[in-house]
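Structural characterization, general
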2 protein chains.
Amino acid sequence: MIKIGLDAMGGDFAPEAAVKGAVMALDRLNEHSRIVLFGHRERICEILDKEGCPADRFDIVHTTEVIEMGDHPAKAFQAKSDSSITVGFGYLAKGLIDGFASAGSTGAMMVGSMFAVKPVEGVLRPTISSFIPTLTSRPAVLMDVGLNVDCKPEVLAQYALIGSIFAKSVMGIDSPRVALLNIGEEAAKGNAQAQAAYQLMEADAAAGKYNFVGNVESSYIFTGKVADVIICDGFVGNTILKMAEGLYQINLRMGVTNDFWEQANYENFGGTPVLGVNAPVTIGHGKSTPKAIMNMIISTEHTIESNAVGLIKEAFVK
Amino acid sequence: MIKIGLDAMGGDFAPEAAVKGAVMALDRLNEHSRIVLFGHRERICEILDKEGCPADRFDIVHTTEVIEMGDHPAKAFQAKSDSSITVGFGYLAKGLIDGFASAGSTGAMMVGSMFAVKPVEGVLRPTISSFIPTLTSRPAVLMDVGLNVDCKPEVLAQYALIGSIFAKSVMGIDSPRVALLNIGEEAAKGNAQAQAAYQLMEADAAAGKYNFVGNVESSYIFTGKVADVIICDGFVGNTILKMAEGLYQINLRMGVTNDFWEQANYENFGGTPVLGVNAPVTIGHGKSTPKAIMNMIISTEHTIESNAVGLIKEAFVK
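The notes below deal with the structure included here. Source: prediction; values computed, not measured.

Rules of the game
- Residues numbered from 1 in each chain as written.
- Chains lettered and ligands numbered in written order.
- Predicted model: local features only at pLDDT ≥ 70, side-chain atom pairs only at ≥ 80, totals over all residues.
- Helix = DSSP H or I, 4+ residues; strand = E, 2+ residues; numbered from the N terminus.
- Least-squares fit on C-alpha atoms with pLDDT ≥ 70 in both.
- Contact = placed C-beta atoms within 7 Å.
- Expected span 1.5 Å × (residues − 1).
- Buried ≥ 20, exposed ≤ 12 C-beta atoms within 10 Å, placed from the backbone.
- Pairing = 2+ DSSP bridges.
- Right-handed = clockwise from strand over helix to strand, strands pointing away.
- Arc of directions from axis to C-beta.
- Axes fitted to C-alpha atoms, helices over the stretch in contact; angles between N-to-C directions.

Attention now goes to the environment of Arg43(A). Tracing the sequence through the fold places Arg43(A) in helix H2 (residues 41-51). Between the C-alpha atom of Arg43(A) and that of Ala315(A), which follows or precedes it by 272 residues, the distance is 43 Å.

Our next topic: the relation of the copies chain A and chain B. Taken together, a rotation about one axis and a shift along it account for how the two chain copies relate. With an RMSD of 0.0 Å, the fit of chain A onto chain B corresponds to turning through 180 degrees and sliding 0.0 Å along the axis. Here the symmetry operator amounts to a two-fold rotation axis. Distance from the rotation axis, computed per C-alpha, reaches its smallest value in chain A at Val236(A): 3.1 Å. Both copies present the same face, since 100% of the interface residues in chain A are matched by interface residues at the equivalent positions in chain B.

What follows concerns helix H8 (residues 234-253) of chain A. Given a rise of 1.5 Å per residue, 20 residues ought to cover 28 Å, and the 28 Å separating the end C-alpha atoms of H8(A) matches this to within 8%. One or two positions beyond H8(A), positive phi appears at Gly255(A), with a value near 80 degrees.

So, on to the pairing of strand S7 (residues 177-181) of chain A. Residue and element names in this part refer to chain A. Across the 5 residues of S7, 5 count as buried, placing the element largely inside the fold. Neither face of S7 is exposed, since Arg177, Ala179 and Leu181 on one face and Val178 and Leu180 on the opposite face are all buried. Relative to strand S8 (residues 211-216), S7 runs parallel, the two sharing 5 bridges. Each residue of the ladder has a partner; that of alanine 179, found in S8, is glycine 214. For the crossover from S7 across helix H7 (residues 192-206) to S8, the handedness is right-handed. Judged from the 3 bridges that link them, S7 and strand S9 (residues 229-231) form a sheet pairing that is parallel. Following the sheet pairing, leucine 180 is matched in S9 by isoleucine 231.

Let us look at helix H11 (residues 308-317) of chain A. Residues and elements named next belong to chain A. Along H11, the positions that sit buried rather than exposed are Ala308, Val309 and Ile312. The buried residues of H11 occupy an angular sector of 100 degrees when the element is viewed end-on, so they sit on one face. H11 presents Glu314 and Val317 as exposed residues on the side facing more than 90 degrees away from its buried surface. Packed against the buried residues of H11 are helix H6 (153-169), strand S10 (272-275) and helix H10 (290-306).

What follows covers the interface of chain A and chain B. With 29 residues of chain A in contact, the opposing surface of chain B contributes 29 residues. Among the elements that take part in the side of chain A that touches chain B, H8(A) stands out by supplying 11 residues, more than any other.

Turning to unusual backbone geometry, a few remarks are in order. With an omega of 0 degrees, the peptide bond running from Ala14(A) to Pro15(A) counts as cis. With respect to the element layout, Pro15(A) can be found in the loop between strand S1 (2-7) and helix H1 (16-26). Non-glycine residue Ser175(B) carries a positive phi angle of around 45 degrees. The phi dihedral of Asn307(B) falls on the positive side, at around 60 degrees, and the residue is not glycine.

With that settled, the discussion passes to the sheet that holds strand S8 (residues 211-216) of chain B. All names here are of chain B. Here we have 11 strands laid out as an open sheet, ordered S3-S2-S1-S4-S11-S10-S5-S6-S9-S7-S8, and mixed in their pairing. Where the open sheet ends on each side, the last strands, each with one partner, are strand S3 (59-62) and S8. Across the sheet, the mean angle from the axis of one strand to that of its neighbour is 25 degrees, orientation sign disregarded. As judged from the 4 bridges shared by strand S2 (residues 33-39) and S3, these two strands associate in the parallel manner. Bridging from a neighbouring strand, phenylalanine 38 pairs with valine 61 of S3.

Written as structure tokens, this is what we have:
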């Protein structure tokens, strides 16, 4: 039995969107999976009732508090000890659920990831990644997309390893091509950070840790022809991600829709996995719709089943 | 009389594309402007002849060498003393031409900018900028787009001033809105560089140097609603620029063309001004077509006429 924890109170349209998304996910999960909803039982049951869904299709853990977007994440995580996020992380840390997803406070989700489930031993800094559109049949993985905005080169090299394991286990890519985002193809290109990271990644590749294919320029990350996993500093990755989102919105407004751009719609992926911590955690977009929540639940199930966390732990024990 | 220098030998399709572009520009320049072609006289005249354009519509400065893409920029700039770029910069430094444009070796163009015409006194590091598409009737200016990939905060604050002067003088924008590219809107967001730059820009704005509107996220830079000038580190700016180019190409391939995306076509702007040096210098795309060359010449004329360089000098004397 896989237990997927969902913060029913998280996100701008919670609890409605969250609970509706959970209902939508029911038929798409494997038989042995079960969703555990963290939130106010009465409110959850009201929505389930409206949706015509029996409450017993879920486990419900009643919580009375909510960490709001305006709250200080670390303080609220402690002070609101009966909040859906804090209780959810408690369950996750104890192994009572196998993964936890929320479209609520990103800050609080990170506090939970770092202090409740904690970084994998040997991982300098956990990371958050995102799928980006490509012209091939599958997306590429971009990391870090905003957690660490002043990455040391050693941290970037670790992300390469983490990203490779993620792409292999969760996406099923054999020997994923890992590239360093840079402003030129040659090894000596880029800022001090990229130049140093290149050297470390080259050494890692020589040691057989992952398949480093060198630098990739941002003009080519969306073709899918160069890399499956693209490594960059969180400032740069967040800039890329938000730029893609902004251009997706502009395209929508201009009536440009197609398969490529639809991949830039976060709703289709639903969430950003936190990688390098001791349990699967997924952070959703604040604006998550029921569809986005549904996909976040499915991707969390997928991450749990792939044993990505276990494989990352193994890699860092070595 | 304004004399606009053009490297007739620069670019992947030179001298044909360069000379053809110069011919195309003829009718679009002001009466008092004249194009000075630097390159092999015989080859230039052959192309002019084919185009049915009398050679006397140009000044031609005969040069016998070309700095190739594979050459070491600094070494070649010295060693190939009769190259079109080296001679062109000699003319520019002596005031025999009023601006210089080339689609040739970017490295050599930067060497010329830094060592022949030199940075404006007080400017820590010159910058290269680029126009980016917006949903309004005019593009925004992004800088730096790749010259300085490890910017100190002080350098970014200077770019804000330079960019503001450029947008006002060359683009005719009254009190241009200058924003710092960041991964959040709040002052305390971002990496160490952005946080420090924010403080400096806020102080500059308080001193009346320019109209600082705060942080802008990459999701909003293309709307045109937040900022006219967007300031960032060269690594980030180059990443944004190349990403826009890559997505423009992908759109083209998918048959998506519209006014917005057409602004991402470098051909329509033709070149990147080098700002913060003592004379107008424009660097074109290596793949410049005649149309791109034409627009590069026109934009160089425009920069000369706007007296942007003079205004930048004034601002840094203070």
